[in-house]
Amino acid sequence: MSLSKEVWQTLSAIDVSSHIEKKGNLSYLSWAWAYGTMMEHYPELHYSFEIDKCEDTGTVEVSCVVHIHTGGEQDQVMMRHMWLPVMDHRNKAIINPDKFAINSSKMRCLVKCF
């Protein structure tokens with residue numbers, strides 16, 4: 001079985017319903033819980049954030065890359081990339097976001113990539 005298929009089967013079988021949090025009308029998973037869950041299953045996981053993309057509109061897009069390694073002698077690696085605009089609590093892009101908003105969006109992007 002390919003690594004991508006194995007990762008999909010493992011992660012899609014996890015019941016996240018008891019870990020969904022609400023903020024206003026939005027539902028989300030805690031990034032700390034999502035990261036902990038990923039590390040339980042894939043302790044060789046690595047992630048990185050790319051340079052923030054600043055638009056002429058004053059909005060910012062963040063992106064990340066997740067690498068999952070199997071480890072061992074026949075190490076297999078899969079990579080996933082995801083992006084997300086820096087948004088407020090209504091899912092609207094923030095013009096000239098501060099560092100806290102950018103950090104929050106980076107962690108939301110990481111969970112989206114997971």
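Residues numbered from 1 in each chain as written. Predicted model: local features only at pLDDT ≥ 70, side-chain atom pairs only at ≥ 80, totals over all residues. Heavy atoms only, no water.

Attention shifts here to the packing of aromatic side chains. Evaluation of the coordinates by the stated rule reveals two aromatic pairs. Aromatic pair Y47 and F49: ring centres 5.6 Å apart, planes at 75°, arrangement edge-to-face. Residue Y47 is classed as partly exposed on the basis of its relative accessible area of 34%. Put simply, the rings of Y35, Y47 and F49 pair up and form one aromatic cluster. (Phe/Tyr/Trp six-rings, centres within 6.5 Å; stacked < 30°, edge-to-face > 60°. Buried < 20%, exposed > 50% of the residue type's maximum accessible area, 1.4 Å probe, protein only.)

Moving on, we come to the nonpolar core. Ranked by size, the top nonpolar core spans 21 residues in total, and within it V7, Y42 and I68 carry the most contacts. Elements represented by at least two residues in this core include exactly α1 (3-12), β5 (60-69), β6 (77-85) and α3 (99-113). Here this core gets six residues from one element, more than from any other, and that element is α3. In this structure, I68 is in contact with L3, V7, M38, Y42, L45, Q76, V77 and M78, ignoring residues within four places of it in sequence. (Core = buried A, V, L, I, M, F, W, Y, C linked by side-chain atoms within 4.5 Å. Helix = DSSP H or I, 4+ residues; strand = E, 2+ residues; numbered from the N terminus. Contact = heavy atoms within 4.5 Å.)

Right, let's get into the confidence of the model for the protein. For the protein, per-residue confidence averages 93 on the pLDDT scale, and 100% of positions sit at 70 or higher. For the protein, per-element mean pLDDT is lowest for strand β2 (residues 26-29), which scores 87, and highest for strand β3 (residues 46-49), which scores 97. (pLDDT = per-residue confidence, 0-100.)

Further remarks concern the environment of M39. Turning to its location among the elements, M39 is positioned in helix α2 (residues 31-41). M39 gets classed as partly exposed once you look at its relative accessible area, which sits at 25%.

A few words on the pattern of salt bridges. Using the criterion set out here, one finds three salt bridges in the structure. A salt bridge links D52 to K106; the shortest N-O distance between them is 3.5 Å. Taken as a pair, D52 in the loop between β3 and β4 (53-54) and K106 in helix α3 lie far apart in primary sequence, 54 residues in all. Note that D88 and R90 form a salt bridge whose closest N and O atoms lie 2.8 Å from each other. A relative accessible area of 55% means that R90 is categorised as exposed. (Salt bridge = Lys/Arg side-chain N within 4 Å of Asp/Glu carboxyl O.)

Once that is clear, we can look at α3. Helix length check: α3 (15 residues) gives 21 Å between terminal C-alpha atoms against 21 Å at 1.5 Å per residue, within 8%. Taken together, the buried positions of α3 are occupied by A101, I102, S105, K106, M107, C109, L110, V111 and C113. Of the surrounding secondary structure, the elements contacted by the buried residues of α3 are β2, α2, β3, β5 and β6. Sitting at the amino-terminal end of α3 is D98, which places a side-chain oxygen 3.3 Å from the backbone nitrogen of F100. (Expected span 1.5 Å × (residues − 1). Polar contact = N/O pair within 3.5 Å; in protein donor to acceptor, adjacent residues only side chain to side chain.)

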